[in-house]
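# Understanding the architecture of this molecule
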Amino acid sequence: AVVSTQSTGEEKLEYIELKHEKFSREIEKVIGFTHVVRLLKKHKKPIIGHNILMDLLFMYEKFHKPLPESFEDFKHLFHEQFPVIFDTRHITSNIKVELKSDVKYKDLIRGTTLLSLFGECNKNSIKGLLYQPKIEDNLGEAYGMREHNAGYDSCLVGQVFIRLAHFYCLWKNSSPNVKPFHFQDYIREFSNFKNCLNLIRSALSHISLTEPDPENKRPQWLIVASKCNSKINMDHVKHVLSAFGDVNTRKIDDYSCLVALPSIGMAAGLLVEMEDHEKYNVQRYEGENGSVTKILIVSVVGISVVFLSALLLRRTL
């Protein structure tokens, strides 16, 4: 038998509240990582990453708002929400330059990949420094040393940042009366690197979220063309050019390709050495209207292509 009873106003209110609580719990589950992003915004905590630009773009679009149409708008809006960003790739590149004149430490940092930096930062030359913070983790056991796992890489980045910052503080403040550093000391000493994001395969070394972007100090692209109207063999081109150092190539058509080099000296040397090459003509690339313009991006997943085009197309010269 079914018995129908009239609910009191109090029972109806209790039912509505329970339904609302259940709905709120479901929403909280769906929101997921957005909770973390909101906490970062609320407390203005520093965000630290390695080659972090793409991660920031992805985070902004997926957990905050759609990416704006212009690069300048993005810089302003992102900095407004996340005022302190550090890119350990950018930091490393600059520290390496500063250490060149120091006989003792000029070869301290060799690699720039996250895994190589982590290894170097855990050598006694850095890890064994005075007052070096003690860092304990079990991620090696938990994740089986799998780099590129998001949680594992985050741990590596954090440790690299702390180790490098501690070394940098000691190096900049060498004194017999040195005392243990606090985290804010690290932030202060790294202030010149704050909000600067490394660019990969770019005409610019980095972009700044708060200042005008730096001038282009990279050499002009070169163009390699096959002689005798024969189709160009990209593997062979890369093999020939590898003798001059680390180069990046991009095929233009069946008979030519672009070459980007990291230094002006390397470009000048390559032009001289390749002047009478039997298979290839090499010359400076003028491009459209005599300028080198584009930043190379190998792959971008889940980010607005329109925005990235606006972000990454740069005018130079």
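Quantities reported herein were computed from a predicted structural model and do not represent experimental measurements. (Residues numbered from 1 in each chain as written. Predicted model: local features only at pLDDT ≥ 70, side-chain atom pairs only at ≥ 80, totals over all residues. Heavy atoms only, no water.)

## Looking at the overall build of the protein
Of regular secondary structure, the protein possesses 13 helices and eight strands. Burial analysis of the protein (317 residues in total) assigns 37% to the buried set. Within the protein, contacts between residues at least 6 apart in sequence are counted, and of these 64% link residues at least 24 apart. Carbon together with sulfur atoms contributes 52% to the accessible area of the protein, which is approximately 19800 Å² in total. (Helix = DSSP H or I, 4+ residues; strand = E, 2+ residues; numbered from the N terminus. Buried < 20%, exposed > 50% of the residue type's maximum accessible area, 1.4 Å probe, protein only. Contact = heavy atoms within 4.5 Å. Areas by Shrake-Rupley, 256 points an atom, 1.4 Å probe, with all protein chains shown as cover.)

## Section: helix 4 (residues 71-81)
Residues Phe-71, Phe-74, Lys-75, Phe-78 and Gln-81 constitute the buried set of helix 4. End-on view of helix 4: buried residues confined to an arc of 140 degrees, all on one side of the axis. For helix 4, exposure combined with an orientation more than 90 degrees from the buried face picks out Glu-72 and His-76. (Arc of directions from axis to C-beta.)

## As for the packing of helix 3 (residues 53-63) against helix 4
Axes are the key here: two packed helices are described by the angle between their axes and the distance separating the axes. Orientation of helix 3 relative to helix 4, taken along the N-to-C sense of each, is 75 degrees, at an axis distance of 12 Å. The pairing of helix 3 with helix 4 is recorded here as roughly perpendicular in orientation. Residues Leu-56, Leu-57, Met-59 and Tyr-60 of helix 3 form the contact with helix 4, whose own contacting residues are Phe-74, Leu-77 and Phe-78. When grouped by side-chain class, the residues that make up the contact of helix 3 with helix 4 number seven nonpolar, no polar and no charged. (Axes fitted to C-alpha atoms, helices over the stretch in contact; angles between N-to-C directions. Parallel < 35°, antiparallel > 145°, perpendicular 65-115°, else oblique. Nonpolar A, V, L, I, M, F, W, Y, C, P; charged D, E, K, R; others polar.)

## Thoughts on helix 5 (residues 88-99)
Between its first and last C-alpha atoms helix 5 spans 16 Å; for twelve residues at 1.5 Å apiece the expected length is 16 Å, and the two agree. Taken as a whole, helix 5 has its buried residues at Thr-88, Arg-89, His-90, Ile-91, Thr-92, Ile-95 and Leu-99. (Expected span 1.5 Å × (residues − 1).)

## What to know about the sheet that holds strand 5 (residues 222-226)
Strand order in the open sheet formed by four strands is 6-7-5-8, with antiparallel pairing between adjacent strands. With one partner strand each, in any of the chains shown, strand 6 (248-253) and strand 8 (280-284) form the two edges of the open sheet. If you compare each strand with its neighbour and ignore which way they point, the axes differ by 25 degrees on average. Two strands pair when backbone bridges link them, and strand 5 and strand 7 (residues 256-260) are joined in this way by four bridges, in the antiparallel orientation. Within the sheet, the bridge partner assigned to Val-224 lies in strand 7 and is Cys-257. Across the face of the sheet, helix 11 (residues 234-241) comes into contact with strand 5, strand 6, strand 7 and strand 8 while running at roughly 145 degrees to strand 6. Along the sheet face, helix 12 (residues 264-273) touches strand 5 and strand 8 and points at about 140 degrees away from the line of strand 8. (Pairing = 2+ DSSP bridges.)

## Observations concerning the confidence of the model for the protein
Overall, the prediction assigns the protein a mean pLDDT of 81, with 84% of residues at 70 or greater. Contacts for the low-pLDDT stretch residues 289-317, under 50 throughout, to residues beyond four places or in other chains number 60 contacts. (pLDDT = per-residue confidence, 0-100.)

## Observations regarding the side chain of Gln-132
Following the sequence through the fold, Gln-132 ends up in the loop between helix 7 (124-127) and helix 8 (139-143). Here the side chain of Gln-132 touches Ile-126 through a polar contact of 2.8 Å, landing on its backbone oxygen. What Gln-132 contacts, discounting residues up to four positions off in sequence, is Ile-126, Lys-127, Ile-162, Arg-163 and His-166. (Polar contact = N/O pair within 3.5 Å; in protein donor to acceptor, adjacent residues only side chain to side chain.)

## Some points on the pattern of salt bridges
Across all of its chains, the model carries seven salt bridges by this definition. Residues joined in a network through salt bridges with shared partners are Glu-72, Lys-75 and Asp-213. (Salt bridge = Lys/Arg side-chain N within 4 Å of Asp/Glu carboxyl O.)

## A word on the side chain of Ser-208
In this structure, Ser-208 sits in strand 4 (residues 206-208). Within polar-contact distance, the side chain of Ser-208 engages the backbone nitrogen of Thr-210 at 3.2 Å. For Ser-208, the residues in contact, after removing those within four places along its chain, are Lys-75, Asn-195, Cys-196 and Asp-213.

## What about the nonpolar core?
Within the largest apolar cluster, 31 residues are counted, with the highest numbers of intra-cluster contacts made by Ile-95 and Phe-190. For this core, the secondary-structure elements that each account for two or more residues are helix 5, helix 6 (114-121), helix 9 (150-172) and helix 10 (183-189). Take this core: its biggest share by element is eleven residues, from helix 9. Excluding residues within four positions of it along the chain, Phe-190 makes contact with Phe-86, Ile-91, Ile-95, Phe-161, Leu-164, Ala-165 and Tyr-168. In this structure, Tyr-60, Leu-67, Phe-82 and Ile-207 belong to the second largest nonpolar core, which totals 19 residues. (Core = buried A, V, L, I, M, F, W, Y, C linked by side-chain atoms within 4.5 Å.)

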